[in-house]
Amino acid sequence: QVQLVESGGGLAQAGGSLRLSCAASGRAVSIYAMGWFRQAPGKEREFVARMRWSGGFRSYVDSVAGRFIISRDTDTNTLYLQMTSLIPEDTAIYYCALGASYHSDSRNPQTYNYWGQGTQVPVSS
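Rules used in this analysis
- Within each chain, residues carry numbers counting from 1 in the order of the written sequence.
- The predicted origin of the model limits local features to residues at a pLDDT of at least 70 and limits the giving and counting of side-chain atom pairs to 80 or more, whereas totals for whole chains, interfaces and linings rest on all residues.
- With hydrogens and water excluded, all non-hydrogen atoms of the structure serve as input to the side-chain values.
- Criterion used throughout: strands pair if DSSP finds at least two bridges between them.
- Numbering of helices and strands runs from the N terminus, with a helix taken as a DSSP run of H or I at least four residues long and a strand as a DSSP run of E at least two residues long.
- All axes are obtained by fitting lines to C-alpha atoms, using only the stretch in contact for helices, and the reported angles, taken between N-to-C directions, cover 0 to 180 degrees.
- Whether a residue is buried, partly exposed or exposed follows from its accessible area with a 1.4 Å probe, protein chains only, as a fraction of its type maximum: under 20%, in between, or over 50%, in that order.
- The contact definition used throughout considers only heavy atoms, calling two residues in contact when any of these lie within 4.5 Å.
- In protein, a polar contact requires one atom able to donate a hydrogen and another able to accept it; more generally it is a pair of N or O atoms within 3.5 Å, and residues adjacent in sequence count only if both atoms are side-chain atoms.
- Disulfides are defined as cysteine sulfur pairs within 2.5 Å.

The subject of this paragraph is the sheet that holds strand β7 (residues 68-73). Strand order in the open sheet formed by 4 strands is β1-β3-β8-β7, with antiparallel pairing between adjacent strands. Taken across any chain shown, the strands that pair with only one partner, and hence form the sheet edges, are β1 (2-7) and β7. Averaged over all neighbouring strand pairs, the angle between strand axes comes to 15 degrees, with direction disregarded. Relative to strand β8 (residues 78-83), strand β3 (residues 18-26) is paired through 6 bridges, and the arrangement is antiparallel. Residue pairing in the sheet places C22 in a bridge with L79 of β8.

Bringing the environment of E46 into the picture now. Within the element layout of this structure, E46 appears in strand β5 (residues 46-52). Judged by its relative accessible area of 32%, E46 is partly exposed. In this structure, E46 is in contact with F37 and R38, ignoring residues within four places of it in sequence. Of note is the side chain of E46, whose polar atom sits 2.6 Å from the side chain of R38.

Scanning the entire structure with this criterion turns up 1 disulfide. In this model C22 forms its disulfide with C96; the gap between the sulfur atoms is 2.0 Å. On the S-S bond that ties C22 to C96, the torsion sits near 55 degrees, and the link is right-handed. Taken together, the residues C22 in strand β3 and C96 in strand β9 (residues 92-99) connect sequence positions 74 residues apart. The burial state of C22 is the same as that of C96; both residues are buried.

Purely spatial values, then, with no claim about function.
Structure representation (structure tokens):
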């Protein structure tokens with residue numbers, strides 16, 4: 001099995017910053033892409049950012065473009081999400097996801113194979 005463990009969430013002030021981490025461990029798996037999704041109270045899970053594990057391609061939802069940066073460390077199989085200029089609308093549970101094939105080169109959460117347990121990010125105004 002593959003485990004994804006997120007960390008770095010917590011209460012943030014509007015205008016502040018947080019960095020989320022997602023460590024992948026377990027049996028050897030080929031990582032094609034990884035992404036971050038979030039789910040706000042009463043809303044569906046939505047795409048936030050994704051990247052190909054080989055690097056060079058990143059994609060963001062318009063509402064976070066220019067404020068969030070997705071990155072990864074291939075030595076430790078860790079995915080990051082640097083969040084800056086946080087706004088209350090960013091309040092959600094943030095999940096990382098791992099896709100093992102090119103099918104996961106997508107904003108559709110159903111195309112990802114493994115998910116973390118989520119980390120809460122409340123942003124106060």
